[in-house]
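Observations on the three-dimensional arrangement
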Amino acid sequence: GADDEVAHVCITLFDVTDTSITQRMLKSALRSLAEASSRDGLTGIHNRRYLEELLNKEFSRAQRYGSMMSLIMLDIDHFKRVNDVHGHLAGDEVLRNTVKRLRECLRDVDTFARYGGEEFAVVLPETPLKGALIVAERLCHAMGSNPITFGNLELPVTISLGVSQWVPGIPCYEELIRRADTALYQSKANGRNRVTLYHEDPA
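I will try to describe carefully the structure that is included in this document.

**Considering helix 4 (residues 88-103)**
In this model, helix 4 (16 residues) spans 22 Å end to end at C-alpha, consistent with the 22 Å of a helix rising 1.5 Å per residue. Those residues of helix 4 that sit buried are Ala90, Gly91, Val94, Leu95, Asn97, Thr98, Val99, Arg101 and Leu102.

Given below as structure tokens:
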């Protein structure tokens, strides 16, 4: 007032409970959407988009700090024959079962992704080529040891694998993929159901 004394106090209260709940729901929905966009709808593992984003980060880290990183590319042998002979439902079951078996062979820090069709990739951080070979052989054995059951059918399924390792001088992560892919197709050329390490001259 005129005498500098407080005569009245006005307090306005706002209930922000609804706003807070809405914001939390929105953040949760955005997280779920981001997660869904990085996952393969059929198998539930990461998709190619996520894989390439991760490889780009891991590649940059390896270049900066000289850390180890290996990559496995693998492909289901004669997968087209499964679809042609037994139908796409059988093919889907082979894909899901393959993913289930292989995930059980990997560490939590490894990243398993569907690269496309029946081709998959495994990123192995802090893993030299020798260690990656052990993992790849384990994956190969896990698939070839028992057939996949689909209804009354027992479908023998094998995989071919190629392994590459980051080394100084590799210009980009795409080259790492190319090297693993080259080794993978060498495995197929040599009879499938096997692991091949990348060498400058695969022949």
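Following the structure, the description resumes.
**Some thoughts on the packing of aromatic side chains**
The description of an aromatic ring pair rests on the distance of the ring centres and on the angle between the ring planes. Taken as a whole and judged by the stated rule, the model has one aromatic pair. For the pair Phe112 and Phe120, a centre-to-centre distance of 5.7 Å together with 40 degrees between the ring planes defines the contact as tilted. A residue is classified by how much of its surface remains accessible, and Phe112, at 7% relative accessible area, is buried. Over the face of the ring belonging to Tyr115 we find Arg48, whose NZ or CZ atom lies 4.1 Å from the ring centre.

**Observations regarding the packing of helix 2 (residues 48-65) against helix 6 (residues 173-189)**
Where helix 2 contacts helix 6, the axes come no closer than 9 Å and their chain directions differ by 110 degrees. With respect to each other, helix 2 and helix 6 are oriented roughly perpendicular. Together, Glu52, Leu55, Asn56 and Phe59 of helix 2 and Tyr173, Leu176 and Ile177 of helix 6 make up the contact between the two elements. When its residues are assigned to classes, the contact of helix 2 with helix 6 shows five nonpolar, one polar and one charged.

**Notes on the pattern of salt bridges**
Close approach of charged atoms lets side chains of opposite charge pair. In the structure shown here, the tally under the stated rule is 13 salt bridges. In this structure, the salt-bridge partner of Asp84 is Lys80, at a minimum N-O distance of 2.7 Å. Of this pair, Asp84 and Lys80 both sit in helix 3 (residues 79-86), four residues apart, roughly one helical turn. Side by side, Asp84 and Lys80 carry an identical accessibility label, which is exposed. A salt bridge links Glu175 to Arg179; its shortest N-O distance comes to 2.9 Å. Pair noted here: Glu175 and Arg179 are both in helix 6, with a separation of four residues, about one helical turn. The buried category is assigned to Glu175, whose relative accessible area is 16%. Three or more residues are tied together by salt bridges with common partners; here these are Glu58, Arg61 and Glu126.

**Side note on the side chain of Glu119**
Examined against the element boundaries, Glu119 turns out to sit in strand 3 (residues 119-125). This buried residue, Glu119, is left without a salt bridge; Arg48 holds the nearest opposite charge, at 7.1 Å. In contact with Glu119, not counting residues within four places along its chain, are Met73, Leu74, Asp75, Arg114, Asp181, Leu184 and Tyr185.

**Some words on the packing of helix 3 against helix 4**
A pair of packed helices is characterised by two quantities: the angle between their axes and the separation of those axes. Running from N to C, helix 3 and helix 4 cross one another at 145 degrees; their axes reach a closest spacing of 7 Å. Contacts from Phe79, Val82, Asn83 and His86 in helix 3 reach His88, Ala90, Gly91, Val94 and Leu95 in helix 4. For the contact of helix 3 with helix 4, a count of residues per class yields five nonpolar, four polar and no charged.

**So, the environment of Lys57**
Relative to the assigned elements, Lys57 resides in helix 2. The class of Lys57 is exposed, set by a relative accessible area of 61%. Remark: the alpha-carbon pair of Lys57 and Tyr173, spanning 116 residues in sequence, is separated by 9.2 Å.

**A closer look at unusual backbone geometry**
Not every positive phi belongs to a glycine, and His78 is a case in point at roughly 55 degrees. Summarising the element assignment, His78 is placed in the loop between strand 1 (69-76) and helix 3. Positioned with a positive phi, Glu126 is a non-glycine residue whose angle comes to about 50 degrees.

**Some points on the pairing of strand 6 (residues 159-165)**
With six of seven residues buried, strand 6 is to be regarded as a mostly interior element. Relative to strand 6, strand 1 runs antiparallel, the two sharing seven bridges. Opposite Leu71, over in strand 6, you have Ser164 as the bridge partner. Alignment of strand 6 against strand 7 (residues 195-197), held across three bridges, turns out to be parallel. Among the inter-strand pairings, Leu161 is bridged to a residue of strand 7, identified as Val195. Once you follow strand 6 into helix 6 and on to strand 7, the crossover reads as left-handed.

The rules behind the values
Residues numbered from 1 in each chain as written. Predicted model: local features only at pLDDT ≥ 70, side-chain atom pairs only at ≥ 80, totals over all residues. Heavy atoms only, no water. Helix = DSSP H or I, 4+ residues; strand = E, 2+ residues; numbered from the N terminus. Expected span 1.5 Å × (residues − 1). Buried < 20%, exposed > 50% of the residue type's maximum accessible area, 1.4 Å probe, protein only. Phe/Tyr/Trp six-rings, centres within 6.5 Å; stacked < 30°, edge-to-face > 60°. Lys NZ or Arg CZ within 6 Å of the ring centre and 35° of its normal. Axes fitted to C-alpha atoms, helices over the stretch in contact; angles between N-to-C directions. Parallel < 35°, antiparallel > 145°, perpendicular 65-115°, else oblique. Contact = heavy atoms within 4.5 Å. Nonpolar A, V, L, I, M, F, W, Y, C, P; charged D, E, K, R; others polar. Salt bridge = Lys/Arg side-chain N within 4 Å of Asp/Glu carboxyl O. Lys, Arg positive; Asp, Glu negative; His and termini not counted. Pairing = 2+ DSSP bridges. Right-handed = clockwise from strand over helix to strand, strands pointing away.

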